[in-house]
Structure formats: C-alpha cells, structure tokens
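These are the residues of each chain, in order.
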Amino acid sequence: MDGSGLDFALTEDQEALRQTIREFAESEVAKAAEEHDDAGTVPTELFPQIAELGLWGILIPEEFGGAGLGYVEYVTILQELARVDPSTALTVAAHNSLGSGHLNQHGNDEQRRRWLPDLAAGNKLAAWALTEPSSGSDAAGLKTVARKDGDEWVLDGLKNFITNPNVGEFAIVLALTDEANPQHGVTAFAVDIDGETCRAGKKENKLGMRTSDTAELVLSGCRVGADRVVGELNHGFVDALKVLDGGRISIAALSLGLHLGCLDQSRKYAKERVAFGKTIASFQAIQWMLADMEMTYEAAAALTYRAALLKDQGQSVNLESSMAKLYASDACCVAAERGVQLHGGYGFIKDYPIERFYRDCKLCTIGEGTSEVQRIVIARQLLS
C-alpha cells in the first residue's frame, strides 16, 4: 500500500504528479507544520513554492493561467499535502474549490479574465464567505445584506469561520439582496479584502488546523459596482450549493490525507516500539488496528475518487460528494484515535505528528457541512 488510493485509475502523468507533491510535502511542508502549529501561524514562506508548482490554480483553465487539471488530480494533490499537514492542504483547498472555484464556475468571461490569472498565479489568495455566526449549517439564514445605492451595491455584515481572510486579498461574499425572500434572494459578490470596508476580524484560536488562517470577515459599508455581481442576481444560494459539492470532495481528500498520515505514523511506530521483548507490530491487537485503518482508508479512497471521476465527467455529484465527505471524515477520525492509542503515552505529546493529526481531523466532520447535514443530503436523494 503506497497511499495513492485506486492506483489503477491513475494515469502515468497523475502518478508523476503525486510523486512530485509527495516530495514537496515531505521535504518542505512537514517541517513548516511543526514550526507553525504551536504559534497558530500560517507558513506563508511556502506560498511561492506552492505557486511554482501551480497549486494555486489547479482547477483554473489554462486560458486563464491555471493548470487546467481535473478533480482526480485535485484529490491526489490535496491528499499528499494533508498526509503531512492538513492545514496547508486546507489553505490550498479553500482557495481553489471555494474562492476561485465559485468565480470559475459562475463568473462571466470578463470576470474570469479579470481575476483568475492573479488567483492562479498566487498573486492574490481567495476566501469564500458564506458562514455567519447565526447561519452555519443553516446556510439560508444569512444576515449579511447588499443594498442597491445607485449603480453600486453596499455590503454590510459579519462572516465567521472564513478561511484565508488574513492572507487573502479577494473574496466571494454571499449576501442578501432580497431580504423578504432569504432562501431565494442571495447574491454572490466579488470583493477586495481592502483592510477597511472589507477586512479580517477576530482570528480564531483553534483546536486543530492551526496553520490555516481562520477568522471573521467584516463588511462595513463595502461598496462594489454592478460588475462585481458573480452569477445571476438572487441566484447565489443555488450557485453556492453547487460550489459546496466540489468543496465536499475537497474535505474528503483532506480526510484521505489525514487518514494516510495516521496510518504511516502508526505503522512506523509499531515497527520501532519494543515491548515485552518484541516490537508491538507483532501483537495481534496492534495488527488489527492497522488492518482496520488500511481497510477504511481504501474504502474512503474509493468513494472519494469515484466522486472526483464523476465530477470530471460533468455529472452531478450531490450524492457522491456527500457520501465521500461523510465516510472519509468519520473514518479519518477513527484512524487518528486508534493511532494515538497505538502510540500510547507518546501519542499524547507533541513530539509525534499523530497528536497533531488527532486535533486536525475533527474539522473534517464539521467543515463544508456537518456529518449530520451530509446524512440529510444522502437521505433526501434516496427518498426523492
């Protein structure tokens, strides 16, 4: 098992890509994660290397300066990054599938030509602002408003749990444009994070994913022109749901990487740790832990790569992305718990990466829709 997940589905080019990202992750990303996790700071020193590898524009078409890759490659990249640092993978994922992704999917040609080249090059990082203090899983309960003032829109409101607002310069903001009809009156706007009318607010002090930037996004009298409306007026909520389908594949991929990292560390430790005169890998209880971790990893990989393949074929993945996200995120949490248990006392201290993985994994069951929301989505599809 070498951690590609569905090796038979990878082309020669995809396999070469996986090896390139793995080498970068092991040589550079892992070291940065150890240095930044305690401080809760973002390893921005990696950003130029991420740009050089083309990872800020994975899904952006080549005509707009991106790599023009598909979701199979995207999953492969995120998995390899998350295998050593899920936080860095999260930064890359939020930029690609959410901020840039919304613009790429729903923006017009003029907007795509205007902003995508800088986003693909990493000259600007993107955030995606949907969640609010009173509307997390209830994505239709927005309070942020955009009111028309002549030829402009004025945005006011507070977004929270937003990825990249301190390190980003660009955001797609979802706001109410028809306050009498919240569910069908939401519009997406392209907004510059200018530090004044649109700025990062409180930075969250998190349990895990500590090297990814998570903070409030504060909008106060933020004026934008009509050319900043992304997609149709009052159609933003429907567009956001489509963006979330891809975002859930992102979190499934993050979960795969986390799971694989837990398995890597646990297998290595089991072969080295000696107890009662032999390595603990020789004990059946440990072997069964590792066997279960491998089995559930492969099952999660099958669901995730299937969703990615269907997405690349242009099919709806509402059901498949929810199943992949739900199963992979739950499975990686179990793998992290077993990894800590296998490490014993050493799993509870920061000298070993498994401790960080244990803290990081929980977000995967919450972000892009909780596990409970995924079950609602799946059941709705089954019963429709």
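Numbers given to residues run from 1 along each chain, matching the order in which its sequence is written. Predicted model: local features are reported for residues with pLDDT of at least 70 only, side-chain atom pairs are reported and counted for 80 or more only, and whole-chain, interface and lining totals are derived from all residues. Excluding hydrogens and water, the side-chain figures rest on all heavy atoms present in the structure.

The definitions used throughout rest on a 1 Å grid laid over the protein atoms alone, on which a cavity is an enclosed set of points accommodating a 1.4 Å probe that cannot get out and a pocket is an open set flanked by protein within 12 Å on both sides along at least five of seven lines; lining residues are those having an atom within 4 Å of a point. Grid points are joined across faces, edges and corners, and a volume is the space filled by probe spheres set on the points. In this structure, the second largest pocket encloses a volume near 310 Å³. Taken together, 17 residues form the lining of the second largest pocket, with Gly261, Asp264, Gln265, Lys268 and Pro353 sitting closest to its centre. Among the secondary structure elements, those contributing two or more residues to the lining of the second largest pocket are helix H1 (12-37), helix H6 (236-272) and helix H9 (353-360). Starting at the N terminus, helices and strands are each numbered in turn, a helix being any DSSP run of H or I of at least four residues and a strand any DSSP run of E of at least two. A per-element tally of the lining of the second largest pocket places H6 first, with seven residues. Class assignment for the residues of the lining of the second largest pocket results in six nonpolar, three polar and eight charged. Three classes are used: nonpolar for Ala, Val, Leu, Ile, Met, Phe, Trp, Tyr, Cys and Pro, charged for Asp, Glu, Lys and Arg, and polar for all others, with Gly counted as polar.

Turning to the packing of aromatic side chains, a few remarks are in order. In summary, the pairing rule links any two rings of Phe, Tyr or Trp, Trp by its six-membered ring, whose centres are within 6.5 Å, and it sorts them by plane angle into stacked for under 30 degrees, edge-to-face for over 60 and tilted for everything else. Counted by the stated rule, this structure contains eight aromatic pairs. For the ring pair Tyr269 and Tyr346, a centre distance of 6.4 Å and an interplane angle of 55° mean the geometry is tilted. Separated by 77 residues along the polypeptide, Tyr269 in helix H6 and Tyr346 in the loop between helix H8 (318-343) and H9 bring together distant segments of the chain. Arranged with centres 5.8 Å apart and planes meeting at 90°, the rings of Tyr269 and Tyr352 form a pair that is edge-to-face. Here the residue Tyr269 occupies a position in helix H6, and Tyr352 occupies one in the loop between H8 and H9, the gap between them amounting to 83 residues. Think of it in three bands: with a 1.4 Å probe and only protein chains considered, a residue is buried below 20% of the maximum accessible area for its type, exposed above 50%, and partly exposed in between. Residue classification places Tyr269 among the buried residues on the basis of a relative accessible area of 7%. Put simply, the rings of Tyr269, Tyr346 and Tyr352 pair up and form one aromatic cluster.

Once that is clear, we can look at helix H4 (residues 86-106). Since the α-helix packs 3.6 residues into each turn, any two residues three or four apart lie on the same face. Given the number of residues in a helix, its expected span is that number minus one, multiplied by 1.5 Å. With 21 residues, H4 extends 28 Å between its outermost C-alpha atoms, agreeing within 8% with the 30 Å of an ideal straight helix rising 1.5 Å per residue. Along H4, the helix axis deviates most sharply at Ser100, where the bend reaches about 45°. Counting buried residues in H4 gives 20 out of 21 residues, a clear majority hidden from the surface. One axis fitted to the seven residues ending at a residue, another fitted to the seven starting there: the angle between these axes is the bend at that residue.

Positionally, His259 belongs in helix H6. Each residue touching His259, except ones within four places of it in the same chain, is listed here: Met293, Thr296, Tyr297, Ala331, Cys332 and Ala335. Every residue pair with non-hydrogen atoms within 4.5 Å of one another is taken to be in contact.

Here we come to the pattern of salt bridges. Throughout this description, the term salt bridge denotes a Lys or Arg side-chain nitrogen within 4 Å of a carboxyl oxygen of Asp or Glu. This model, assessed by the stated rule, comprises 21 salt bridges. Where Arg83 meets Asp264, a salt bridge forms, and the shortest distance between an N and an O atom there is 2.6 Å. Placement of Arg83 in the loop between helix H3 (71-82) and H4 and of Asp264 in helix H6 is noted, with a sequence separation of 181 residues between them. Asp264 shares its class with Arg83; the two are buried. Measuring nitrogen to oxygen at the nearest pair gives 3.8 Å for the salt bridge that ties Lys202 to Glu204. Looking at Lys202, the relative accessible area reads 52%, which means it is exposed. Where salt bridges share partners, they join Asp37, Asp38, Lys350, Glu355 and Arg359 into one cluster.

Pairing between two strands requires that DSSP report at least two bridges joining them. Pairing of strand S3 (residues 152-163) with strand S7 (residues 214-225) involves nine bridges; the strand directions are antiparallel. Residue Ile162 lies in a different strand from S7, and its bridge partner there is Ala215. Alignment of strand S6 (residues 198-203) against S7, held across four bridges, turns out to be antiparallel. Of the residues in S7, the one forming a bridge with Cys198 is Leu219.

With that settled, the discussion passes to a nonpolar patch on the surface. Only residues whose relative accessible area exceeds 30% and that form no salt bridge enter a patch; like-charged residues are grouped when within 9 Å of one another, and nonpolar side chains (Val, Leu, Ile, Met, Phe, Trp, Tyr) when within 5 Å. Computed with a 1.4 Å probe, the accessible areas rest on the Shrake-Rupley method; for each residue, only the protein chains presented here act as cover. On the surface, a cluster of nonpolar side chains totalling about 340 Å² of accessible area is made up of Tyr346, Phe348 and Ile349. Along the chain, Phe348 falls in the loop between H8 and H9.

With the rule as written, the count across this model stands at one cavity of 30 Å³ or more. Approximately 40 Å³ is the volume attributed to the largest cavity. When residues of the lining of the largest cavity are traced back to their parent elements, those giving at least two are helix H2 (47-52) and H4. Its residues assigned to classes, the lining of the largest cavity shows five nonpolar, three polar and no charged.

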